[in-house]
Amino acid sequence: MSPASDRPVREDGLPGPDAATDGAPSEGGAASRTPHSMTGFARVDGGCDGFRWTWEARSVNGRGRELRTHIPGGYGALEPRARALAEARFARGALSLRLALDRDEERRPSVRVNRAVLDRLIEAHDALRDRIEAPPARLETLMALPGVIETAAWEDDAAVRDRRRAAIEASLADALDALAGSRREEGARMARLIDGHLDEIAALCRRAAARAAGAPEALRARLQRQLAELLGADPPLAEGRLAQEIAYLASRSDVREEIGRIDAHTEAARALLAAGGAIGRKLGFLAQELNREANTLCAKSTDLALTRIGLDLKAEVDRLREQALNLE
C-alpha cells in the first residue's frame, strides 16, 4: 500500500479511484476493495481438555467502533485481547462478543454433604430445644449453614490451563475473522444495490440535462412575453432595471451547474465503491451533496417535467443515503 501522501485525491477532497479507505485495516486482495457492511454475525465452536466453548460475534450499525464483551469469570484476561483483535479488523460498528463455556461431566465441580457437620448441628439444635421452645429444624435451613455442603472443583495443572486459554483465544480470532467475512458478504450485496441507485441517478441526470437543453427557447418566449408587459408599464421601467430583471430570470432557470455537480458526485460515489473498505461516511457525505443539488434543481426549475425529474432524483438519493448508513 502506498503512503497516504501518494494517494490520489480529487479537488473536492474525495478519494480518487486508487485511494485507500478511511484508515480501515487492510485485508489485501479483492477483499480490501469490497465495501463492508456494519451488520454481521459469526459463531465458532471449540473444545480442548474436557472443555467446550462457543464464541458468538455480532455487529450492527454504529457511529464509531464500540465493543461489548460477555466473558465468564476467570477469563477476563481475554477482554483486552478481544479489543485489540477487533480494532485490527473493524473501523466502525457496535460489536458484541459472547463466550459460553461448558465442561465434561467428570470435570464439573462435585458436591457432597458433610454428614459429620450436619449431625453435630442437629444434636446442638435438639439440645437447645430442651431449654428454648423452638420449631423443628428445617432441612433447607441446615443445608444453608457453612460447612454442610462441600464442593470440590476439578483442578488442572498450569500447562493444561495455558493450553486451553490459547485454544479459546485462537477461536476468538476465528470468530472475528468470520464476522469480518460476514460483513464483507453483506457489503458486497449492498454495493450491488448502491450501484443500481447510482445508475438510476445517472439516468435521471441525463434526462434532466436533455430537458434543460430545451430551456433556452422556452425562456426566450417567456422573456418576450414579460418584456412586453414591462415595456408597457406606466411609468416605463428604466433600462438598467430591465437588464437586471432579464439577467435574474436567465440565471434563475439555468440548472446546468447543478446537473454537472450531480454527475460529478455520482462518479465520485462510483470511485468510492471501487476503492471499497470503510467508505460509509464518505458515501453519506456524497448523498448529502447530491440531495442538496437535487433540491436546488427543483427550486430553480421553471418547467414542470424538470421539477418531476428533480423529485425523482431526491427519492433515489434518499435510497442511496439509507444504504450508505449501513456501510462501515
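Residues numbered from 1 in each chain as written. Predicted model: local features only at pLDDT ≥ 70, side-chain atom pairs only at ≥ 80, totals over all residues. Heavy atoms only, no water.

Re the pairing of strand E3 (residues 65-70)
Successive side chains on a regular strand alternate, one facing one side of the sheet and the next facing the other.
At step 1: As judged from the 6 bridges shared by E3 and strand E4 (residues 93-103), these two strands associate in the parallel manner. Its bridge partner being in E4, Leu67 is matched across the sheet by Leu95.
At step 2: Remark: the E3/helix H1 (residues 78-89)/E4 crossover connection has left-handed handedness. (Pairing = 2+ DSSP bridges. Helix = DSSP H or I, 4+ residues; strand = E, 2+ residues; numbered from the N terminus. Right-handed = clockwise from strand over helix to strand, strands pointing away.)

Focus on the pairing of strand E1 (residues 40-48)
At step 1: The pairing of E1 with strand E2 (residues 51-60) spans 9 bridges and is classified as antiparallel. Across the sheet, Gly47 pairs through a bridge with Arg52, a residue of E2.
At step 2: In this antiparallel pair of consecutive strands, E1 and E2, the connection spans 2 residues, and Asp49 shows a positive phi of 55 degrees.

Concerning the packing of aromatic side chains
At step 1: Going through the model one piece at a time under the given rule, you end up with 0 aromatic pairs.
At step 2: Here the guanidinium or amino end of Arg164 rests over the ring plane of Phe51, the centre of that ring lying 3.9 Å away.
At step 3: Its end group placed over the ring of Tyr75, Arg165 keeps NZ or CZ at 4.8 Å from the ring centre. (Phe/Tyr/Trp six-rings, centres within 6.5 Å; stacked < 30°, edge-to-face > 60°. Lys NZ or Arg CZ within 6 Å of the ring centre and 35° of its normal.)

Examining helix H7 (residues 256-275)
One turn of the α-helix equals 3.6 residues, which is why residues spaced by three or four share an orientation.
At step 1: Given a rise of 1.5 Å per residue, 20 residues ought to cover 28 Å, and the 29 Å separating the end C-alpha atoms of H7 matches this to within 8%.
At step 2: All of the buried residues in H7 are Glu258, Ile259, Ile262, His265, Thr266, Ala268, Ala269, Ala271, Leu272, Leu273 and Ala275.
At step 3: If you follow the buried residues of H7, they end up packed against helix H4 (158-213), helix H8 (280-300) and helix H9 (304-324).
At step 4: Following H7 by one or two positions, Gly276 adopts a phi angle in the positive range, close to 70 degrees. (Expected span 1.5 Å × (residues − 1). Buried < 20%, exposed > 50% of the residue type's maximum accessible area, 1.4 Å probe, protein only. Contact = heavy atoms within 4.5 Å.)

A look at the sheet that holds E3
At step 1: A sheet is described by the order of its strands in space; here 4 strands give the open sequence E1-E2-E4-E3, paired in mixed fashion. Two strands close off the open sheet at either side, each with one partner strand: E1 and E3. On average, adjacent strands in this sheet sit at an angle of 15 degrees to one another, irrespective of strand direction.
At step 2: Sheet strands touched by H1: E2, E3 and E4. Its angle to E3, the strand with the most contacts, is close to 150 degrees. (Axes fitted to C-alpha atoms, helices over the stretch in contact; angles between N-to-C directions.)

Comments concerning the pattern of salt bridges
At step 1: One pass over the full model with this rule turns up 21 salt bridges.
At step 2: The salt bridge involving Glu328 is made with Arg183; its shortest N-O contact spans 3.1 Å. Here Arg183 lies in helix H4 and Glu328 lies in the segment after H9, a separation of 145 residues in the sequence. Note on accessibility: Glu328 and Arg183 belong to one class, buried.
At step 3: For Glu186, the salt bridge goes to Arg189, with nearest N and O atoms at 2.7 Å. Pair noted here: Glu186 and Arg189 are both in helix H4, with a separation of 3 residues, about one helical turn.
At step 4: Accessibility expressed as a relative area gives 25% for Glu186, which makes it partly exposed.
At step 5: Note on Arg189: relative accessible area 41%, which makes it partly exposed.
At step 6: Each of Glu257, Glu258, Arg261, Glu293 and Lys300 takes part in one network of salt bridges that share partners. (Salt bridge = Lys/Arg side-chain N within 4 Å of Asp/Glu carboxyl O.)

Section: the packing of H4 against H9
At step 1: Here H4 crosses H9 at 165 degrees, and the two axes come no closer than 9 Å. Classified by the angle between their axes, H4 and H9 sit roughly antiparallel to one another. By crossing handedness, the relation of H4 to H9 is classed as left-handed. Of the residues in H9, those in contact with Met190, Leu193, Ile194, His197, Leu198, Glu200, Ile201, Leu204, Arg207, Ala208 and Arg211 of H4 are Ala305, Leu306, Ile309, Asp312, Leu313, Glu316, Val317, Arg319, Leu320 and Gln323.
At step 2: Classifying every residue of the contact of H4 with H9 by side-chain character gives 13 nonpolar, 2 polar and 6 charged. (Parallel < 35°, antiparallel > 145°, perpendicular 65-115°, else oblique. Left-handed = near helix turned anticlockwise from the far one by under 90°. Nonpolar A, V, L, I, M, F, W, Y, C, P; charged D, E, K, R; others polar.)

So, the side chain of Arg183
At step 1: Look at Arg183 and you get buried, because its relative accessible area is 1%.
At step 2: Setting aside residues up to four positions removed in sequence, Arg183 forms contacts with Pro35, His36, Ser37, Met38, Thr39, Gly40, Ser59, Phe90, Arg92, Gly93, Leu95 and Glu328.

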